Amino acid sequence: MAQRYGGKYSPQGPASGPDLHDPRSVPPHRRPDARHPEEGRPFWIVAAALPFLLGAFGEGPFALARALGAFALIAGAAWTIREGLRAEFAYVARSSAKRPAFPRKILGSVAYGLGLALGAQAPELGVIGAAGIGAIGTVVSLVAFGLDPLKDKGMDGVDEFQQERVARVVKEGEAYLTEMRKAITPSGERVLITRVEQFATTARDLFRAVEEDPGDLAQARRYMTVYLEGARDATIKFADLWRNTRDHKARDDYAALLDDLEANFTARTRKMLEDGREGLEIEIDVLRDRLAREGVVPTTREN
């Protein structure tokens, strides 16, 4: 019997998933090209720090080292914040997840403040003035990008050992999907590239179902490892063959393989969700029988 794990953050919506053939119906975080909406903003932090480089020359070695150090700190802060945004996006995309092990956005904001403080070269500012500028920069960065997730979500009642096993298998499956996409993209066949992305979305539906109920890993592991590895190998072989021969029969066979894979993954996911609902209904019936034996009957409200 399937058992749903997780706490108050576990989804309670209908079992039927989105129409995978309609990109508009797929949640943004599940699309193959999904990314944090603010992921590109740290670039402008680096762009704004370019004056440190432009003013670094002609003022002596101490000023040069100071300006270069400030720019390096700010550029490193921007990269760290961007990685923090990506980690946050992955955290939000899951109904149950551990907090990021490394608070990248917070540490990136601190590094940004240090870079501003180091780059504040005006003599009249002094150490206190430079520290004030750095503190303001840190606060502004935290307000702009927010804090990292600081606690786990949806992990109440979850077997941590099972969750770690699921995480390893999901990571392996995601690696296969990434390799499939890298292999098919150089072919230039937009239809097949879209089909691979569509299949990746279907596979991720299965990943999310297993993450929500780690007890289903035994049923789904073959899909997430063996079948995806075979799909990866078939994609690489097809891409090589298509590049050399433009064999349209091989193209049709590969498209049919993707159709079969997607149908099987969809059926597996639906079966797991249906088993979960059936198990919940059985538990409710057992609870009702137990309450009836105890002489507890539900009360009804009169209109």
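Everything below is about the structure printed above this text.
Residues numbered from 1 in each chain as written. Predicted model: local features only at pLDDT ≥ 70, side-chain atom pairs only at ≥ 80, totals over all residues. Heavy atoms only, no water.

Caption draft 1: Geometry of the packing of aromatic side chains. Using the criterion set out here, one finds six aromatic pairs in the structure. Considering the side-chain rings of Tyr223 and Phe265, the 5.4 Å spacing of their centres and the 90° angle between planes classify their relative orientation as edge-to-face. One end of the pair, Tyr223, is in helix 8 (residues 217–245); the other, Phe265, is in helix 9 (residues 248–293), with 42 residues separating them in the sequence. Judged by its relative accessible area of 15%, Tyr223 is buried. Each member of the aromatic cluster is reached from another via a ring pair, and the members are Phe199, Tyr223, Tyr227 and Phe265. (Phe/Tyr/Trp six-rings, centres within 6.5 Å; stacked < 30°, edge-to-face > 60°. Helix = DSSP H or I, 4+ residues; strand = E, 2+ residues; numbered from the N terminus. Buried < 20%, exposed > 50% of the residue type's maximum accessible area, 1.4 Å probe, protein only.)

Caption draft 2: Structural context of the packing of helix 6 (residues 160–184) against helix 7 (residues 190–212). Interhelical geometry of helix 6 versus helix 7 gives an angle of 180° and a closest axis separation of 10 Å. Between helix 6 and helix 7, the angle falls in the class roughly antiparallel. Contacts between helix 6 and helix 7 involve Gln163, Val166, Val170, Gly173, Glu174, Leu177, Met180, Arg181 and Ile184 from the former and Leu192, Ile193, Val196, Glu197, Phe199, Ala200, Ala203, Arg204, Phe207, Arg208, Val210 and Glu211 from the latter. The residue inventory of the contact of helix 6 with helix 7, partitioned by class, reads 13 nonpolar, two polar and six charged. (Axes fitted to C-alpha atoms, helices over the stretch in contact; angles between N-to-C directions. Parallel < 35°, antiparallel > 145°, perpendicular 65-115°, else oblique. Contact = heavy atoms within 4.5 Å. Nonpolar A, V, L, I, M, F, W, Y, C, P; charged D, E, K, R; others polar.)

Caption draft 3: Geometry of the nonpolar core. Of all hydrophobic cores here, the largest spans 31 residues; its most connected members are Leu177, Met180, Phe199, Met224, Tyr254 and Phe265. For this core, the leading source of residues is helix 7, giving 10 residues. The contact partners of Met180, leaving out residues within four places of it in the chain, are Val196, Phe199, Ala231, Arg232, Thr235, Tyr254 and Leu258. (Core = buried A, V, L, I, M, F, W, Y, C linked by side-chain atoms within 4.5 Å.)

Caption draft 4: Fine view of the pattern of salt bridges. One pass over the full model with this rule turns up 16 salt bridges. Here Lys105 makes a salt bridge to Glu88, at a shortest N to O gap of 3.0 Å. Of this pair, Lys105 sits in helix 4 (residues 104–119) while Glu88 sits in helix 3 (residues 61–93); the two residues are 17 residues apart in sequence, bridging distant segments of the chain. Owing to a relative accessible area of 18%, Glu88 belongs among the buried residues under this scheme. (Salt bridge = Lys/Arg side-chain N within 4 Å of Asp/Glu carboxyl O.)

Taken by themselves, the reported measurements are silent on function.
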